Amino acid sequence: MKRAIGLIPMLLWASGAVAQDAASEATRAAQAELAARLPLNDPADMANATRGKIAEIADGVILGKDGRIVWDRRPYAFLAADQAPDTVNPSLWRQARLNAVHGLFEVVPGKIWQVRGYDISVMTIIRGESGWIVVDPLLTEEAAAAGWKLFADTVEAKAGKRPIRAIIFTHSHSDHFGGVGGVVTPEQVRRENIRIIAPHGFSEEATAENVLAGNAMGRRALYMFGAILPPGPTGQVDTGLGPKLSSGTIGYMEPTETVPAAGATLTIDGLAFDFLDAAGTEAPAEFLFYIPAYKALHTTEVVTHNLHNILTLRGAQVRDALHWSKVIDAMLLKWGGTAEVALASHHWPTWGQGAVAKWLADQRDAYRYVHDRTLFLANRGATLHELADQTAEAPVQGRDFSTRDYYGTLNHNMKATYQRYFGWWDGNPAHFNPLPPEQSAAKYVALAGGPDKLLAAGKAAIAAGDYRWAAELLDKLVFAQPDSQDARAALASAYDQLGYQAESGAWRNYYLAAAATLRGTELDTLTGNGQSRSFVSAIPTAVFFDALATRFDAAKGAALAGTFQFVLPDSREAVAVVVGGGVEFPRYGVTDPAPTATITIDRKTLDDVMLGQAQFPALLQSGAIRIDGDRAAFLSWFALHPPADPRFNVVVP
Ligand SMILES: [Zn+2]
């Protein structure tokens, strides 16, 4: 059972001693070992990251319409230093500096440009016969609008204004479509017949992923992206995949056409695009494409300059490393010998036929290694933590920075691959049904001879530089005694060093955010992103009712029974929610002949509720909701859908 963070730890920590630790001797030694082993001064990536730069947004500052800061690179000026501070993994430092390069870049002279460094993702603009084709308009409307303005003020100002002819969403993750409203309006799309092209399955996947499990994913995402950390050498430096998430409005527009699973060649504004399907690699709906006329390969998010996630720390359904590697090989076979430039929707392009082919081959091998090494070891009896621990680095990771652990890691990707084949259980019956953490923690403390002894053992592990063991011991102590200031401080110290040493931006952020939580210095950020009406209204009604069912308090509602018939006049939909035995089952499209109550509500009003712009009592009063039948039964059932706490505890019980 999770308790909300109480006042007690906040008050304890208000008295001081909240400072983070400096890098320990063990951490400095680990950073030095890595720095000595890797060619960190290899200039090739920085040359590519800065190549073709023609303009930038001053100071990297983007404001929303209300003057709120959507993006600000000024607090990241510390990244100007060549030399990594000893509180940042030197390889991650290199990646953060590459991701920090921001501006408008000419990728293929006069043909392809990219706006980079103004969101976690990258927007590409391609010249068609008569206008522009925009690929992946960032996460938020404000960031995309600023990026488009930079392009218009620079390229269009010189070459002449041209219309947007098409928008391509390469996959179903919101950092690739959420900003579309900053580039075009829905009216403009209709009036000017702008094509919006996406992979098959896009509409279903684009909103589905974050609705059912959204609260928990959102909480974990704050840790993973470091949103609750201040920028700085002991705080957020980068995510590995890009600097950070922009904090504006996430919108949505429905594609006007999709590319089938078999792939296709489409002529878009007079230009041929060869699409290759990549569903089930980095996203459930995804493609990549090649433009023969420009000899340019867009690898979308299938191939980027990091080892990506087979399982993201925020939580998602596990991905398929084997399929991922096969799609990369298909790309290599088709275009590896002809593509002269390869660009993606994160990071910087790669120029030169040889370099492109090598990048693809190395990326393919990285995902293949994740997969095959996991099964090699699993088939010899290793379980998920064992096999990840036995595999420090893939051979390709030692020679190609693009395959290193900046976002996903070999460690957690191998565990994820194990999960894909075997599930969460390692096959050891002691782990099949263990005591929950709070119960076992108290028993461990007793076994250790009391909290002082366990604390001493944790501190001894920290002194020895054995931070993983320290974290394991001190986590037990914190779960047994969450209000103990000493236990929290010691565990935070262990997390500090684990964070400083992490090469993955996601791991670093997660550890340091955990330390901040323990110290009570977590920034008060729920999320910087507001969802727009366009996004919420794209959530299918069936998914909305499935999400409602996940909020049903079965413990309190076990005795309830009835059928609640929803009628949505404006969208002409009907959902019969059958309640009984602690379960509510929404039957989409079904009209029950004898419901307990019938609730008439427009889908648009449901959107208002989801957007927090309307409350049920007021809607009942105004008549925006009509209830026929057993009104009291409906109200007592509906009251049993408590909202989930968006700040639930993660690193304390
Ligand atoms: Zn992305």
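The structure presented is a predicted model; accordingly, all values stated were derived computationally and were not measured. (Residues numbered from 1 in each chain as written. Predicted model: local features only at pLDDT ≥ 70, side-chain atom pairs only at ≥ 80, totals over all residues. Heavy atoms only, no water.)

**Q** Tell me about the overall build of the chain, and name the residues and values.
**A** Regarding its fold elements, the chain presents 23 helices and 23 strands. The C-alpha radius of gyration of the chain comes to 26 Å, within 12% of the 26 Å expected for a compact globule of 653 residues. Each principal axis of the C-alpha distribution contributes one length, and for the chain these read about 70 × 70 × 50 Å. In the chain, which comprises 653 residues, the proportion classed as buried is 54%. Taking as baseline every contact in the chain between residues at least 6 positions apart, the subset at least 24 positions apart corresponds to 73%. Surface exposure of the chain reaches about 26700 Å², of which carbon and sulfur atoms provide 56%. Of the charged side chains in the chain, 58 are positive and 69 negative, and the gap between their average positions amounts to 1 Å. (Helix = DSSP H or I, 4+ residues; strand = E, 2+ residues; numbered from the N terminus. Rg over C-alpha atoms; globule rule 2.2 N^0.38 Å. Buried < 20%, exposed > 50% of the residue type's maximum accessible area, 1.4 Å probe, protein only. Contact = heavy atoms within 4.5 Å. Areas by Shrake-Rupley, 256 points an atom, 1.4 Å probe, with all protein chains shown as cover. Lys, Arg positive; Asp, Glu negative; His and termini not counted. Charge placed at Lys NZ, Arg CZ, Asp CG, Glu CD.)

**Q** An account of the coordination of the zinc ion is requested, with residue identities and associated values reported.
**A** Donor atoms from the polypeptide that coordinate the zinc ion comprise D175 (OD), H176 (NE2), E301 (OE) and H346 (NE2), at 2.0 to 2.1 Å from the metal. Here the zinc ion binds four donor atoms, and the angle range of 83 to 174° at the metal identifies the geometry as irregular. Spacing between the donor residues of the zinc ion along their common chain follows D-H-x124-E-x44-H. With E301 in the loop between β15 (296-298) and α9 (321-335) and H346 in the loop between β16 (341-343) and β17 (350-351), this residue pair connects regions lying 45 residues apart in the sequence. (Donors = N, O, S within 2.8 Å, 3.2 Å for Na, K, Ca; no water. Tetrahedral: all angles 85-135°; square planar, octahedral: opposite > 155°, others 65-115°.)

**Q** Please give an account of the sheet that holds strand β23 (residues 625-629) that cites residues and values.
**A** In a beta sheet, neighbouring strands pair by backbone hydrogen bonds and run either parallel or antiparallel. Sheet architecture is open: five strands sit in the order β21-β20-β19-β22-β23, paired in mixed fashion. A strand with exactly one partner marks an edge of an open sheet, and here the two such strands are β21 (583-588) and β23. The sheet shows a mean angle of 20° between the axes of neighbouring strands, taken without regard to direction. Sheet topology note: the strand β22 (residues 597-601)/β23 ladder contains five bridges and is antiparallel. When the sheet's bridge partners are listed, I599 is paired in β23 with I627. Each of β19 (562-568), β20 (573-580) and β21 is contacted by helix α19 (residues 541-550), which is oriented at about 175° to β21, the strand it contacts most. Strand contacts of helix α23 (residues 631-638): β19, β20, β21, β22 and β23, with the helix running at about 90° to β19, the strand carrying the most contacts. (Pairing = 2+ DSSP bridges. Axes fitted to C-alpha atoms, helices over the stretch in contact; angles between N-to-C directions.)

**Q** An account of the sheet that holds β17 is requested, with residue identities and associated values reported.
**A** A sheet is described by the order of its strands in space; here six strands give the open sequence β12-β13-β14-β15-β16-β17, paired in mixed fashion. The open sheet has two free edges, formed respectively by β12 (264-268) and β17, since each of these has just one partner strand. α9 contacts β13 (271-277), β14 (287-291) and β15 of the sheet and is inclined by roughly 145° relative to β13.

**Q** I'd like a description of the nonpolar core, backed by residues and values.
**A** Counting residues in hydrophobic clusters, the biggest one holds 42 residues, and the most contacted among them are Y223, M224, L474, L477, L491, Y495 and L518. Mapped by element, the contributors of at least two residues to this core are α8 (214-224), α14 (451-463), α15 (467-480), α16 (485-501) and α17 (505-519). Ignoring anything within four residues of it in the chain, the contact list for L477 reads V445, P451, L454, L455 and A487. In terms of nonpolar packing, the next biggest core, distinct from the first, is built from 41 residues, I164, V180, F535 and A538 among them. (Core = buried A, V, L, I, M, F, W, Y, C linked by side-chain atoms within 4.5 Å.)

**Q** Outline the pairing of β12, supporting the account with residue identities and numerical values.
**A** Consecutive residues of a regular strand have side chains that alternate between opposite faces of the sheet. The pairing of β12 with β13 spans five bridges and is classified as antiparallel. Within β13, the residue paired with T267 across the bridge is A272. Once β12 ends, the chain turns through two residues before running back antiparallel as β13, passing D269 with a positive phi of about 45°.

**Q** Break down α16 for me, citing the residues and quoting the values.
**A** If you check α16, its first and last C-alpha atoms are 25 Å apart, about what 17 residues at 1.5 Å a residue would give, namely 24 Å. Most of α16 is tucked away, with 13 of its 17 residues classed as buried. (Expected span 1.5 Å × (residues − 1).)

**Q** Can you explain the pairing of strand β6 (residues 123-127)? Please cite residues and give values.
**A** The buried fraction of β6 is high, at four of five residues. Pairing of strand β5 (residues 112-116) with β6 involves four bridges; the strand directions are antiparallel. Bridge assignment links I112 to a residue of β6, and that residue is I126. The turn joining β5 and β6, which pair antiparallel and follow one another in sequence, is formed by six residues; a positive phi near 85° is taken by G117. Relative to strand β7 (residues 132-135), β6 runs antiparallel, the two sharing four bridges. Its bridge partner lying in β7, I125 is registered against V134. Here β6 hands over to β7 after four residues, the two strands then running antiparallel side by side.

**Q** With reference to specific residues and values, describe the environment of E205.
**A** Along the chain, the position of E205 falls in helix α7 (residues 202-212). Note on E205: relative accessible area 29%, which makes it partly exposed. Along the sequence, E205 and P284 sit 79 residues apart, while their C-alpha atoms lie 6.9 Å from each other. Among residues more than four places away in sequence, those in contact with E205 are S172, P284 and A285.

**Q** Could you give me a rundown of the confidence of the model for the chain, with the residues and numbers involved?
**A** Low-pLDDT portions of the prediction should not be read for the details of their coordinates. Per-residue pLDDT for the chain averages 94, and the proportion of residues at 70 or more is 96%. In this model, residues 1-17 is a region of pLDDT below 50 whose contacts with residues beyond four sequence positions or in other chains number 26 contacts. (pLDDT = per-residue confidence, 0-100.)

**Q** So, the side chain of E286: which residues are in play, and what are the values?
**A** Position of E286 relative to the elements: it lies in the loop between β13 and β14. Salt bridges are absent for the buried E286, whose nearest opposite-charge side chain, R319, sits at 7.6 Å. Only 3.2 Å separates the side chain of E286 from the backbone nitrogen of E301, close enough to count as a polar contact. Apart from residues lying up to four places away in sequence, E286 is in contact with T170, H171, P199, D277, A278, A279, T281, T300, E301 and V302. (Salt bridge = Lys/Arg side-chain N within 4 Å of Asp/Glu carboxyl O. Polar contact = N/O pair within 3.5 Å; in protein donor to acceptor, adjacent residues only side chain to side chain.)

**Q** Quick rundown of unusual backbone geometry? Include the residues and the values.
**A** With a phi close to 60°, D59 is a non-glycine residue in the positive phi region. Checked against the element boundaries, D59 lands in the loop between β1 (53-55) and β2 (61-63). Within the chain, D269 stands out as a residue other than glycine whose phi angle is a positive 45°. Among the secondary structure elements, D269 is positioned in the loop between β12 and β13.

**Q** Which residues make up the packing of helix α2 (residues 25-37) against α16, and what values do they have?
**A** One can describe the packing of α2 onto α16 by two numbers: an axis separation of 10 Å at closest approach and a directional angle of 10°. In terms of orientation, α2 and α16 fall into the roughly parallel class. Here A26, T27, A30 and Q31 of α2 lie close against α16, whose contacting residues are Q497, Y500 and Q501. Taken together, the residues that form the contact of α2 with α16 break down as three nonpolar, four polar and no charged. (Parallel < 35°, antiparallel > 145°, perpendicular 65-115°, else oblique. Nonpolar A, V, L, I, M, F, W, Y, C, P; charged D, E, K, R; others polar.)

**Q** Can you explain the side chain of D119? Please cite residues and give values.
**A** For D119, the position within the fold is in the loop between β5 and β6. Summary of buried charges: D119 has no salt-bridge partner, and the nearest side chain of opposite charge, K244, is 9.6 Å away. A polar atom in the side chain of D119 sits 3.1 Å from the backbone nitrogen of L139. Within the structure, the side chain of D119 is placed 2.7 Å from the side chain of S246, a separation counted as a polar contact.

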